[in-house]
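Fold and geometry: a report
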Amino acid sequence: MGLTAAVAGASGYAGGELIRLLSTHPDLTPGALAAGTQAGMRLGDVHPHLVALADVVLEATEPARLAEADVVFLALPHGESARLLPALRAAGAPRVVDLGADFRLRHAADWTRWYGGTHPAPGELGHWPYGVPELPGARARIAGARGVASAGCYPTAVTLALAPLLAAGLVEPTDLVVVAASGTSGAGRSASARLLGSEVMGDVSAYKVATHQHTPEITQALADLAPGEVTLSFTTLLAPMPRGILATCTARLVPGVDEAALRDALMAAYGAEPFVHLLPRGRWPRTAATVGGSSCHLQVAADQDAGRAVVVAAIDNLGKGAAGQAVQCANLMLGLPEAAGLRADGVAP
């Protein structure tokens, strides 16, 4: 079909995963691959695993050049996409998928509280479809959009786990508790002492407890499906692995609800989905099973002694939690098969 995709932020982890997926996409060809300080470098020197495109030179982030593509992926630090957007639109960019947080929230006050500072483009908030295609009504909104706010990694796992139970009225929305662990690539590629191998290996640590910036994104997405106000306790952990998220999500059961009802709700929501899989009874999600793929693995139990539903979700934070989901959204925007260029299977061992 001759469609092209540009990537801004091509030197980062999410950018590299985007390029990997685009390099074998049947309908999309990589166009401009732009970076910041690493512009002018060979792609193979930045991402040695991308052998087929190793000699491609990373370009400066020029809006006119990016806008030549049929879709532009923005894999930039939070706040940078909103600053770049006016120039992209002026240059005629037809479609944009933002992998950052810039357009996910609806209210500027939430941005200020959780990300700090003033939002760079407050007039854009609330106008970008939220990029989780499996949520009710999301596909139609994404397909007709010029810009899509691809969901964050933690919010993808948590929202997919809890949305069907809230929508079916099986759990109480005011008592949601999530403890989720992420691999180190979730923090991006910038140098940080806390992410050194000697600091991470053999250690699991909590971070941003009760202050994680993905909290309002999760509550906003779940509130769209819940019968009332959503209250979330969200604790994040750093795990000694490069990629993956394991989220344990619990909610108070509505009286009389059993495990069969929980399982039925998840099957009704995802039974026909290519990338969300409710595992057979007795098998629990593992991050290793999702690495390299674009799947979310789910399992559910009813803890009747505690009166709580327990849903465990596993994703690859760079796959379904970032690049894979962004490509899924782009496919919908371009009228391509939704699963084009994507695999549900992970890589093992």
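Residues numbered from 1 in each chain as written. Predicted model: local features only at pLDDT ≥ 70, side-chain atom pairs only at ≥ 80, totals over all residues. Heavy atoms only, no water.

What about the sheet that holds strand 4 (residues 96-98)?
Pairing is parallel across the open sheet formed by six strands, whose spatial order is 2-1-3-4-6-5. A strand with exactly one partner marks an edge of an open sheet, and here the two such strands are strand 2 (28-34) and strand 5 (130-131). Both strand 1 (residues 3-8) and strand 2 contribute to a ladder of five bridges, which runs parallel. In the strand pairing of strand 2, Ala5 is matched with Pro30. Where helix 11 (residues 319-334) meets the sheet, it contacts strand 1, strand 2, strand 3 (71-74), strand 4, strand 5 and strand 6 (147-150), and its direction lies at approximately 155° from that of strand 6. (Pairing = 2+ DSSP bridges. Helix = DSSP H or I, 4+ residues; strand = E, 2+ residues; numbered from the N terminus. Contact = heavy atoms within 4.5 Å. Axes fitted to C-alpha atoms, helices over the stretch in contact; angles between N-to-C directions.)

Here we look at the environment of Leu33
Summarising the element assignment, Leu33 is placed in strand 2. Residue classification places Leu33 among the buried positions, given a relative accessible area of 2%. Taking the C-alpha atoms as reference points, Leu33 and Gly197, separated by 164 residues in sequence, lie 29 Å from one another. (Buried < 20%, exposed > 50% of the residue type's maximum accessible area, 1.4 Å probe, protein only.)

Some thoughts on the packing of aromatic side chains
Inspection of every chain in the model, using the stated rule, returns three aromatic pairs. With 3.9 Å between their ring centres and 10° between their planes, Phe103 and Trp128 make a pair best called stacked. Placement of the pair is Phe103 in the loop between strand 4 and helix 5 (108-114) and Trp128 in the loop between helix 5 and strand 5, with a sequence separation of 25 residues. We classify Trp128 as buried; its relative accessible area is 8%. Taking the centre distance of 5.5 Å and the plane angle of 85° together, the rings of Tyr154 and Phe234 count as edge-to-face. One end of the pair, Tyr154, is in helix 7 (residues 153-167); the other, Phe234, is in strand 9 (residues 232-238), and 80 residues separate them in sequence. For Phe234, a relative accessible area of 4% translates into the label buried. (Phe/Tyr/Trp six-rings, centres within 6.5 Å; stacked < 30°, edge-to-face > 60°.)

Focus on the packing of helix 7 against helix 9 (residues 215-223)
Where helix 7 meets helix 9, the closest approach of the two axes is 9 Å, and the angle between their N-to-C directions is 25°. For the element pair helix 7 / helix 9, the angle class is roughly parallel. By crossing handedness, the relation of helix 7 to helix 9 is classed as right-handed. Contacts between helix 7 and helix 9 involve Pro155, Val158, Thr159, Leu162, Ala163 and Leu166 on the former and, on the latter, Glu217, Ile218, Ala221 and Leu222. (Parallel < 35°, antiparallel > 145°, perpendicular 65-115°, else oblique. Left-handed = near helix turned anticlockwise from the far one by under 90°.)

Quick word on unusual backbone geometry
Put simply, Ala348 and Pro349 share a cis peptide bond, and its omega is 0°. Structurally, Pro349 is set in the segment after helix 11. Backbone geometry at Lys208 places phi at a positive 45°, although glycine is not the residue there. Counting through the fold element by element, Lys208 comes out in the loop between strand 8 (205-207) and helix 9.

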